[in-house]
Amino acid sequence: MITIKQVNTRSKKEVNEFVMFPFRLYENVKEWVPPILSDIKLMLNENKHPFYEHSEAEFFTARDNGEMVGRIACLENKKYNQYHGKKQASFYLFECINDQSVAEALFNRAFDWAHSRGLNVLIGPKGLASFDGYGFLVEGFDKRQMMTMMNYNLPNYPKFVEALGFTKVVDWVSSYINIPDFKMPERAKIVAKRVEERGKFKVLCFSSKRELRKWSWKIGQAYNNSFVNNWEYYPLSDNEIKFVMDNIMVVAVPELLKVITYNDEVVGFLFAFPDISAALQKHQGRLSPLALVSYLRELKKTNWISFNGVGVLPEYHGRGGNVLMFSEIYKTAHAANFLHGELTQIAETATQMRKDLDNLGVTPYKNHRIYSKKI
């Protein structure tokens, strides 16, 4: 018999069991990249994660005769609901054995959880913070997950939720760049050069983390404001912005992060990260001293780069901000010994961004889908 139990987040044993469950499911899946274990534990810590300053989350496990067979997180982002005038709950961290009845039991608990709070829609996968990967993977199961910047899931997960009446909300498309063949149209190069020569737009480059930290607050504000037209936007708190920037700083290579200013105000950014997936897989997401050394080596050794966090404030799209941004993507991709690149999770609703990407000749090769259901 399947039973659902709420996780006691003050119990180290129950938290560890919740966090470690996916390792059973993905043991032989070479495309899966383990999360940083401490990052997942932080999601369950209401005293440390900034999400809990304004919102609520609870976590549940499914058991069959005492054995754990699934898990799910239920979230109410009150700040998002207030900003958009919605009554929406989210689910995240869903994992399940290959059994529709287990998935149904978990989601029925999520529906009850949402109803008890007066909410009428369940949407997801959607996490606690901006850099939590969106959606279920629906295309690209044969491609390795890009670090912890996106989700990887078994192919049956979308089928589970579709059988329960969930439907598509939005797709997040990731595109592949074959860097040796990656060319920027000559006309775009000329336009980007003219934009810079006019002097109002400038590109700031960094040579050290100390230098980068001086700009971290302004970058965080621009990051928050640049996605104001996206469906998932809500105004981040100061601590949430700090949380995002602190996480970026951990894996940042200063030379690969750029800032675009207009009259010396930050209006855009480009976050590029060397892919350390191989090291994360080797050390199973742990942060031991040996693992940290391995992660640092992989930063220098990898021939993959991820562009995850590319944005220009909407009011500067038509003034040359976008073309300048894509010029910087081109320069950054060719600046080191990278052979492969990924533009990670661009929402299909970002129509101008998708149009620009098509013009650059990148190849869509992964797709993550957000689902919702009225309840």
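Up top is the structure these notes are about.
Structural notes, computed from the coordinates. Just so it is clear, the model here is predicted, and its values are computed rather than measured. (Residues numbered from 1 in each chain as written. Predicted model: local features only at pLDDT ≥ 70, side-chain atom pairs only at ≥ 80, totals over all residues. Heavy atoms only, no water.)

Tracing the backbone shows Ser 55 in the loop between helix 3 (37–43) and strand 2 (56–64). A relative accessible area of 6% places Ser 55 in the buried class. Separated by 162 residues in the primary sequence, Ser 55 and Trp 217 place their C-alpha atoms 23 Å from one another. If we skip the residues at most four places from it in the chain, Ser 55 touches Glu 76, Asn 77, Lys 78 and Lys 79. Within polar-contact distance, the side chain of Ser 55 engages the side chain of His 54 at 2.6 Å. A distance of 3.4 Å separates a polar atom in the side chain of Ser 55 from the backbone oxygen of Glu 76. (Helix = DSSP H or I, 4+ residues; strand = E, 2+ residues; numbered from the N terminus. Buried < 20%, exposed > 50% of the residue type's maximum accessible area, 1.4 Å probe, protein only. Contact = heavy atoms within 4.5 Å. Polar contact = N/O pair within 3.5 Å; in protein donor to acceptor, adjacent residues only side chain to side chain.)

Turning our eyes to something else, we now look at helix 11 (residues 289–301). Across its 13 residues, helix 11 extends 18 Å between first and last C-alpha, which sits within 8% of the 18 Å expected from 1.5 Å per residue. Against the buried residues of helix 11 lie helix 9 (238–251), strand 10 (265–274) and helix 10 (277–283). (Expected span 1.5 Å × (residues − 1).)

What follows is about the nonpolar core. Counting residues in hydrophobic clusters, the biggest one holds 74 residues, and the most contacted among them are Phe 182, Phe 201, Ile 248, Phe 271, Phe 307 and Ile 329. Apart from the residues lying within four places of it in its own chain, the contact partners of Phe 182 are Ile 177, Ile 329, Tyr 330, Ala 333, His 334, Leu 360 and Val 362. If you look at the next biggest cluster of nonpolar residues, it comprises 53 residues, including Ile 40, Leu 119, Leu 122 and Phe 166. (Core = buried A, V, L, I, M, F, W, Y, C linked by side-chain atoms within 4.5 Å.)

Attention shifts here to the pairing of strand 10. Burial of strand 10 is extensive: 9 of the 10 residues sit out of reach of the surface. As judged from the 6 bridges shared by strand 9 (residues 257–262) and strand 10, these two strands associate in the antiparallel manner. Opposite Leu 257, over in strand 10, you have Phe 271 as the bridge partner. Between strand 9 and the antiparallel strand that follows it, strand 10, lie 2 residues; Asn 263 among them carries a positive phi value of about 50°. (Pairing = 2+ DSSP bridges.)

Before going further, it helps to spend a moment on the pattern of salt bridges. By the definition in use, this model includes 20 salt bridges. Between Arg 24 and Glu 67 there is a salt bridge, and its shortest N-O distance comes to 3.3 Å. Taken together, the positions of Arg 24 in helix 2 (residues 22–25) and Glu 67 in strand 3 (residues 67–76) put the pair 43 residues apart, joining distant regions of the chain. With a closest N to O distance of 3.9 Å, Lys 202 and Asp 264 form a salt bridge. Of the two residues, Lys 202 sits in strand 8 (residues 201–205) while Asp 264 sits in the loop between strand 9 and strand 10, which places them 62 residues apart along the sequence. Take Asp 264: its relative accessible area is 49%, and that puts it in the partly exposed class. (Salt bridge = Lys/Arg side-chain N within 4 Å of Asp/Glu carboxyl O.)

Moving on to the packing of helix 5 (residues 100–115) against helix 6 (residues 156–163). At a minimum axis separation of 10 Å, helix 5 and helix 6 run at an interaxial angle of 60°. The pairing of helix 5 with helix 6 is recorded here as oblique in orientation. Our pair here, helix 5 against helix 6, has a crossing hand that is right-handed. Taken together, the residues of helix 6 that come into contact with helix 5 (itself represented by Gln 100, Ala 103 and Phe 107) are Lys 159, Phe 160, Val 161 and Ala 163. Of the residues in the contact of helix 5 with helix 6, the class split is 5 nonpolar, 1 polar and 1 charged. (Axes fitted to C-alpha atoms, helices over the stretch in contact; angles between N-to-C directions. Parallel < 35°, antiparallel > 145°, perpendicular 65-115°, else oblique. Left-handed = near helix turned anticlockwise from the far one by under 90°. Nonpolar A, V, L, I, M, F, W, Y, C, P; charged D, E, K, R; others polar.)

Time to look at unusual backbone geometry. Looking along the chain, the bond that leaves Gly 124 and enters Pro 125 is cis, with omega of -5°. Relative to the helices and strands, Pro 125 is located in the loop between strand 5 (121–124) and strand 6 (136–139). Positive phi is not limited to glycine here, since Met 147 has a value of about 50°. Residue placement: Met 147 occurs in the loop between strand 6 and helix 6. Met 147 sits in the buried class, given a relative accessible area of 5%. Of note in the backbone geometry, Gln 345 takes a positive phi value of approximately 50° without being a glycine. Within the secondary structure layout, Gln 345 lies in strand 12 (residues 340–347).

Bringing the packing of aromatic side chains into the picture now. Across all of its chains, the model carries 25 aromatic pairs by this definition. For the pair Phe 51 and Tyr 52, a centre-to-centre distance of 5.6 Å together with 85° between the ring planes defines the contact as edge-to-face. As far as burial versus exposure is concerned, Phe 51 and Tyr 52 are alike and both buried. Between the aromatic rings of Tyr 176 and Tyr 365, the centroid separation amounts to 5.8 Å while the plane-to-plane angle is 50°, which identifies the pairing as tilted. Residue Tyr 176 is located in strand 7 (residues 167–178), and its partner Tyr 365 is located in strand 13 (residues 363–374); the two are separated by 189 residues in the primary sequence. (Phe/Tyr/Trp six-rings, centres within 6.5 Å; stacked < 30°, edge-to-face > 60°.)

For the rest of this paragraph, the subject is the pairing of strand 3. Burial analysis of strand 3 places 9 of its 10 residues in the buried class, which makes it a mostly covered element. Pairing between strand 2 and strand 3: 9 bridges, direction antiparallel. The residue bridging Glu 58 from the neighbouring strand is Cys 74, located in strand 3. Hairpin geometry of strand 2 and strand 3 is characterised by an intervening segment of 2 residues between the two adjacent antiparallel strands and by a positive phi of about 55° at Asn 65.

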